[in-house]
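Observations on the three-dimensional arrangement
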Amino acid sequence: MAPKKKEEPKPAAAPAAPKPPEPERPKTPVFDPATVTLEFTPEQIEDFKYSFQLFDTTATNEMKITYAQCGDLIRALGQNPTNTEIMNVLGKPKVEDMHTKMLDFDQFLPMHQHICKAKDCGTYEDFVEGLRVFDKEGNGTVMGAELRHVLATLGEKMREDEVDQLMQNQEDANGCINYEAFVKYIMAS
Amino acid sequence: MGCGVSKSNQFHKNSGKAIKSAVLIQRWYRQFVARKEMRRRYTWHIFQSIEYSGEQAQIKLYNFLGYLMDNFTPASNERNLISHIFRENEVCRDAEWERYFCYKNIEVPDLYSGPHLTFPLTVEQAVGLVEAFRNKKQLHSRYVLQLLLETWKQLRLLPNINRISTCHSKEITICGDLHGQLEDLLLIFYKNDMPSLEKPYLFNGDFVDRGKDSIEILIILFSFLLVYPSEVYLNRGNHEDHIVNLRYGFTKEVLSKYRMHGKRILKLLQKIFSWLPLATVIDQKVLVIHGGISNTTDLNVLARVDRHNYNSALRPPKKRHPSVAGVPINSDMDEEAGSTNKVFQRRPSLKFPRTLTKDGFQNRSLQDFSELLRVNTVEDVEIHKRLPGPLGPENDTSQSCESQSCESISSEDEWKQILDLLWSDPMAQDGCVPNEVRGGGCYWGPDVTEDFLNRHNLQLIIRSHECKQEGYEFCHNRKVLTLFSASNYYDVGSNRGAYVKLGPDLVPYLVQYQASSMIRELSVRQSAGRSERSANKVLREQLFAHKSDLICAFKKLDSENIGRVSLADWASAVESVMRLGLPWRIMRSQLVTGRSADSSIDYYEWFNELAIKGANADHIDQSLLETLYRHRSTLETIFRIVDTDNSGFITMEDFRQTWKLLSVYLKMEITEEAISDLAVTIDSNQDGSIDIEEFMEAFRLTDKKSRLERGRSMFMGTATDLTKLEGDPNI
């Protein structure tokens, strides 16, 4: 076995490509609910209350949901935040707290309001552009397997079963996905 | 695929873009899932609201009929129409019963290809029956009657409360509601083996109604009961009740499968249902009952009642001696309902607090009836008072109350014990309040559970009666377990079923399943969509059936008469008429397709959008038609009651009388001409009799959006047409 060459000290932190910037890194400081003015109408609040109750799984109907459900509820009400944005309004809780800490409806409202104001959904075109990145042959399709890999390893990673559910029945016989149709499918919930 | 190399190239080139795009997709996916979950939850809520309203309507109807029985003269037409359902069984001695149900002269033709039974029944025959039903065979009526007779003899030997023990390390398997869904029973037997000496089973009621194979389920359960009397146990459910069966499909199923002998089979089943045990206690520690308990439930009292006197849990037994006319059953229910509006909260499976007041789905207090009836029947009463005989002057309710007050207290108590056991639901809050949503039994809280368990030295209550998405649900600090074994109950994909295994350690071990090969083929998205479309259709039908009242409500809010109302007004008007406690605004996008700039709603146009087609009946008054749509299953129930020989036909005269009954019940005016118009539409051969099926078909609402127009919606109160779900060949 040849002796190892003494390695030169590698230059610190200089990978071949620049470290990819995290998209939508929240520039806001710690979220302070007191600074949020509620602009919802009474009817909207009533509707939110109904939906809140749907997610309340406490044994005694205490009108409380877990931190983990907060994101689901905000999404169910039509918003489309990233997980990072949600963790931000929740005050960046620890992972172990997500299923144990609870919030009530009054705590929920300012969080929801904040998300509603920060609209940055991404349009149909953004979506298609993003997927075009993976369209190696420029023919309007991406490889299902590649997309699965991306969704499970990049960004706010999805679990395997989530990816399966999303991609169910989307791939054609060759394992390709027509991404314009795919985007329409996702956005048409 | 050579992914590795090319991927890293992609990343280097477009990593920022790739990540951005990934995050976008991920966000949208998460929103998609969350919205779907929410829609699933309120779809469930819709089905449940409508289901419970139907039960409430049924009980109200029964109360009404009971009230008529107690207050009309014996000779009146109305009373004669319905008296037979309240009549004591004339044949009371066992030997006479056996003679009445003699099967021996029923011949089995050579062409018959179903199973042949010989008694005493053997295991092979019981297993053979399961196979035969899996292969869609039908058991001949001769064998059905014979089997029922043997079952009845066996059930009479049983106590009100079964007491079993899990000794010899035997685990007992407990199943909840099956509701005629044979696929689920077959699936349970497949996963868990059939009953045997090593495999005891307990079935916790509601074997029949709604599903299409109720009689087959009964036959299987009874067969195993006969073969393994010490290993198979049955509890009575609220659907083991001939009055409930009239509305929810079992009666119809038997009559259509057994045209010649169906009536006898039903009569014998009435008896059998009343002989089913009321409860089971396992190892003196676990109580298994169909519905639940109340703060007055006492197992010692229940152990002593003559359970077979309660043919239907909805009515207390009439005493045999002639001087007693029977107390109106609603007397104690009415008391509670009659107090000032009680606003209370219950705990539905969605944990959705609903404000329920006395003004429920059909707000008709019996005080109203008595006013009406007194006015109309003053003459009758006068005549009747002069008549001697069993229902003479003592028929005056107040008098009879007093004279039998001492005797009737205990029988009322007993009756309430049974009613509570079969109809109650748990709630999250402490206390015990009447179950006004269903119309029978009560809602009981965790404090009542605690107290009850302590008093009886028990540790767990297992009950059924409510559909749960996962097939089971714990509550009251895990001291109450709800178990439901009919999967896909509301629609394909709506819920799983479950069964429980209990060993000597008495720790419940739950097994879930979901029947039907159709499920596997539907993608998750499709099956959720189905339930929603189904619920949506049911709602649209209900809305259409209330068109007149809704238009009235809209007009009140549309002061300038422009034909439009705001979204908020639309929602409040709809709720004020429908009273289902549903989130109309949230569901707006599914119920109102027309959009306008200021999000107001053109309400006339909206009814067209509902895309529900009514009967071809321009000559019939609109509000009468709506009554028909709305109260369809009540009307059908009354028809079936009136059709005493179960022929499927009633005479014109009875038809008129039925409508008169209904008009009193609903407090609405129906003229003779209107009734004639209705009859003419149907009685096409002019022979003076009405075919019930034809009539109900002609006045059915159909969904213009749906290609499947056959098969009725489960929630209009009749058995669903589940032939869409073929038997699972993979079981």
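This text follows the structure it describes.
Residues numbered from 1 in each chain as written. Chains lettered and ligands numbered in written order. Predicted model: local features only at pLDDT ≥ 70, side-chain atom pairs only at ≥ 80, totals over all residues. Heavy atoms only, no water.

Describing the overall build of chain A
Selection rule: Helix and strand labels come from DSSP, where a helix needs a run of H or I of at least four residues and a strand needs a run of E of at least two; each type is numbered from the N terminus. The rule is simple: take the accessible area with a 1.4 Å probe, protein chains only, and divide by the maximum for that residue type; under 20% is buried, over 50% is exposed, in between is partly exposed. Throughout, a residue-residue contact means that at least one pair of heavy atoms, one from each residue, lies within 4.5 Å. In this description, accessible areas are obtained by the Shrake-Rupley approach with a 1.4 Å probe, and a residue is regarded as covered only by the protein chains that are shown.
Secondary structure summary: chain A contains eight helices and four strands in total. Along the chain direction, N to C, the helices and strands of chain A fall in the order α-β-α-α-β-α-α-β-α-α-β-α. Residue burial in chain A is summarised as follows: out of 189 residues, 41% are buried. Within chain A, contacts between residues at least 6 apart in sequence are counted, and of these 64% link residues at least 24 apart. Carbon and sulfur atoms make up 54% of the accessible area of chain A, which totals about 11,100 Å².

Focus: the overall build of chain B
Scanning chain B from terminus to terminus reveals 27 helices and 20 strands. The proportion of buried residues among the 731 residues of chain B is 60%. Nonlocal contacts in chain B, meaning residues at least 24 apart in sequence, comprise 74% of its contacts between residues at least 6 apart. Surface summary for chain B: the accessible area is close to 29,400 Å², and the carbon and sulfur share equals 50%.

Considerations on the nonpolar core
Residue and element names in this part refer to chain B. This is how the line gets drawn: Joining through side-chain atoms within 4.5 Å is the link that ties buried Ala, Val, Leu, Ile, Met, Phe, Trp, Tyr and Cys residues into a set, and such a set is a nonpolar core.
Core analysis: the largest hydrophobic core is formed by 102 residues, its most contacted members being Phe554, Trp570, Trp584, Trp606, Phe655, Trp659 and Phe695. Top element by residues in this core is helix H1 (residues 3–71). It accounts for 10 residues. Contacts of Trp570, omitting those with residues within four sequence positions, involve Phe554, Val565, Trp584, Arg588, Leu591, Val592, Ile601 and Trp606. In terms of nonpolar packing, the next biggest core, distinct from the first, is built from 62 residues, Leu149, Leu185, Ile265 and Tyr513 among them.

Description of the sheet that holds strand E2 (residues 172–175) of chain B
Think of a sheet as strands paired side by side through backbone hydrogen bonds, with each pair either parallel or antiparallel. All names here are of chain B. Where we set the bar: Should DSSP find at least two bridges between two strands, the strands are taken to pair. A fitted line through C-alpha atoms serves as each axis, taken over the contacting stretch for helices, and the angle formed by two N-to-C directions is quoted from 0 to 180°.
Spatial ordering of the open sheet is given by E4-E3-E2-E13-E14, a layout of five strands whose pairing is mixed. Among the strands making up the open sheet, the edge pair consists of strand E4 (232–234) and strand E14 (509–513). Ignoring strand direction, the axes of neighbouring strands in this sheet form an average angle of 20°. Relative to strand E3 (residues 201–203), E2 runs parallel, the two sharing three bridges. Counted as the bridge partner of Cys175 is Phe203 from E3. Sheet strands touched by helix H6 (residues 182–192): E2, E3, strand E13 (497–502) and E14. Its angle to E14, the strand with the most contacts, is close to 125°. Along the sheet, helix H7 (residues 214–227) makes contact with E3 and E4, crossing E4 at roughly 130°.

A short note on the packing of helix H7 (residues 160–167) of chain A against helix H8 (residues 179–187) of chain A
All names here are of chain A. Where we set the bar: What sets the label is the angle itself: under 35 degrees gives roughly parallel, over 145 gives roughly antiparallel, 65 to 115 gives roughly perpendicular, and the rest give oblique.
Closest axis-to-axis distance for the H7/H8 pair is 11 Å, and the angle between their directions is 105°. As far as their axial angle goes, H8 and H7 are roughly perpendicular. Side by side, H7 and H8 meet where Gln165, Leu166 and Met167 of the first sit next to Phe182, Tyr185 and Ile186 of the second.

With respect to the pattern of salt bridges
Here is the rule: Salt-bridge detection follows one rule: a side-chain nitrogen of Lys or Arg within 4 Å of a carboxyl oxygen of Asp or Glu.
Scanning the model with the defined rule gives 30 salt bridges over all chains in all. With its nearest N and O atoms 2.7 Å apart, the salt bridge here joins Glu129(A) to Arg132(A). Here Arg132(A) and Glu129(A) lie together in helix H5 (residues 124–132), a separation of three residues that amounts to about one turn. On the basis of relative accessible area, Glu129(A) is assigned to the partly exposed category, the value being 34%. According to the relative accessible area criterion, Arg132(A) is partly exposed, its value standing at 38%. A salt bridge links Lys257(B) to Glu216(B), with the nearest nitrogen and oxygen atoms 2.8 Å apart. A residue pair is termed long-range when its members are at least 10 positions apart, and Lys257(B) in helix H9 (residues 250–257) and Glu216(B) in helix H7 qualify at 41 residues. Of the residues examined, Glu216(B) reaches a relative accessible area of 4% and is grouped as buried.

With respect to helix H16 (residues 446–456) of chain B
Residues and elements named next belong to chain B. The line we're drawing: The arc in question is the one traced by the directions running from the helix axis out to the C-beta atoms.
All buried positions along H16 are accounted for by Val448, Thr449, Phe452, Leu453 and His456. Seen along its axis, H16 keeps its buried residues to an arc of 125°; they face one direction. Where H16 is buried, its residues meet strand E6 (286–288), helix H11 (299–304), strand E8 (432–434), strand E9 (442–444), strand E10 (460–463) and strand E12 (480–483).

Regarding unusual backbone geometry
Residue and element names in this part refer to chain B. The omega angle of the peptide bond from Phe119 to Pro120 is 0°, so this bond is cis rather than trans. The residue Pro120 is located in the loop between helix H3 (94–100) and helix H4 (123–134) in this model. Backbone geometry at Lys136 places phi at a positive 65°, although glycine is not the residue there. Its location among the elements puts Lys136 in the loop between H4 and helix H5 (141–156).

Quick word on the packing of H9(B) against helix H10 (residues 262–275) of chain B
Think of two packed helices as two axes; the pair is described by the angle between the axes and how far apart they sit. Residues and elements named next belong to chain B. Test applied: Crossings are classed by handedness, with left-handed meaning an anticlockwise turn of the near helix from the far one by less than a right angle and right-handed meaning a clockwise turn. By the convention adopted, Pro, Cys, Tyr, Trp, Phe, Met, Ile, Leu, Val and Ala count as nonpolar, Lys, Arg, Asp and Glu as charged, and the other residues, Gly among them, as polar.
At their nearest, the axes of H9 and H10 sit 8 Å apart, and the two run at 140° to each other. Judged on the interaxial angle alone, H10 and H9 are oblique. Crossing geometry of H9 relative to H10 is assigned as right-handed. Two secondary-structure elements touch here, H9 through Phe250, Thr251, Val254 and Leu255 and H10 through Gly262, Lys263, Ile265, Leu266, Leu269 and Phe273. A per-class count over the contact of H9 with H10 returns seven nonpolar, two polar and one charged.

Focus on the sheet that holds strand E11 (residues 472–475) of chain B
All names here are of chain B. Pairing is mixed in the open sheet, where six strands are placed in the order E1-E5-E6-E10-E12-E11. Sheet topology places strand E1 (161–164) and E11 at the edges, where each strand pairs with a single neighbour. The mean angle between the axes of side-by-side strands here comes to 20°, regardless of whether they run parallel or antiparallel. Bridge count between E10 and E12: three bridges; the pairing is parallel.

Topic: the pairing of strand E5 (residues 279–282) of chain B
Residues and elements named next belong to chain B. Of the two faces of E5, both are covered, the one formed by Ala279 and Val281 as well as the one formed by Thr280 and Ile282. Pairing analysis gives four bridges linking E1 to E5, with the strands arranged parallel. Note that in E5 the partner of Ile161 across the bridge is Ala279. Strand direction decides the pairing type here: E5 and E6, joined by three bridges, are antiparallel.

Concerning the packing of aromatic side chains
All names here are of chain B. Going by this rule: A pair of Phe, Tyr and Trp rings is counted when the ring centres sit within 6.5 Å of each other, with Trp represented by its six-membered ring. The angle between the planes then sorts it: under 30 degrees is stacked, over 60 is edge-to-face, the rest tilted. Here, a charge over a ring means that NZ of Lys or CZ of Arg falls within 6 Å of the ring centre while also lying within 35 degrees of the ring normal.
If you walk through the whole model with that rule in mind, you get 19 aromatic pairs over all chains. Centre to centre, the rings of Tyr472 and Phe474 are 6.3 Å apart; their planes meet at 80°, and the pair counts as edge-to-face. Through a chain of ring-to-ring contacts, the aromatic side chains of Phe554, Trp570, Tyr603, Tyr604, Trp606 and Phe607 assemble into a single cluster. One Lys or Arg, Arg156, reaches over the ring of Trp152 and ends 4.8 Å from the middle of that ring. Its guanidinium or amino end placed over the ring of Phe474, Arg478 lies 3.8 Å from that ring's centre, counting from NZ or CZ.

A few points about the environment of Val130(B)
Residues and elements named next belong to chain B. Locating Val130 in the fold gives a position in helix H4. On the basis of relative accessibility, which here comes to 1%, the residue Val130 falls in the buried class. For Val130 and Leu186, which are 56 residues apart along the polypeptide, the C-alpha to C-alpha distance reads 7.8 Å. Beyond its immediate chain neighbours, meaning those up to four positions away, Val130 contacts Leu186, Phe189, Met194, Ile220 and Phe224.

Digging into the pairing of E12(B)
Residues and elements named next belong to chain B. Neither face of E12 is open: one carries Val480 and Thr482, the other Leu481 and Leu483, and all of them are buried. For E11 and E12, the ladder comprises four bridges, and the chain directions are antiparallel. Bridged to Tyr472 within E12 is Leu483. The turn linking E11 back onto E12 is made up of four residues, and His476 within it adopts a positive phi angle of 50°.

A few points about helix H25 (residues 652–665) of chain B
Residue and element names in this part refer to chain B. The cut-off we apply is this: Between the first and last residue of a helix there are one fewer steps than residues, each counted as 1.5 Å, and that sum is the expected span.
In a regular helix each residue adds 1.5 Å, so 14 residues correspond to 20 Å; H25 covers 20 Å between its end C-alpha atoms and thus fits that length. Most of H25 sits out of view: 10 of its 14 residues are buried. Met652, Phe655, Gln657, Thr658, Trp659, Leu661, Leu662, Ser663, Val664 and Tyr665 are the residues of H25 that are buried.

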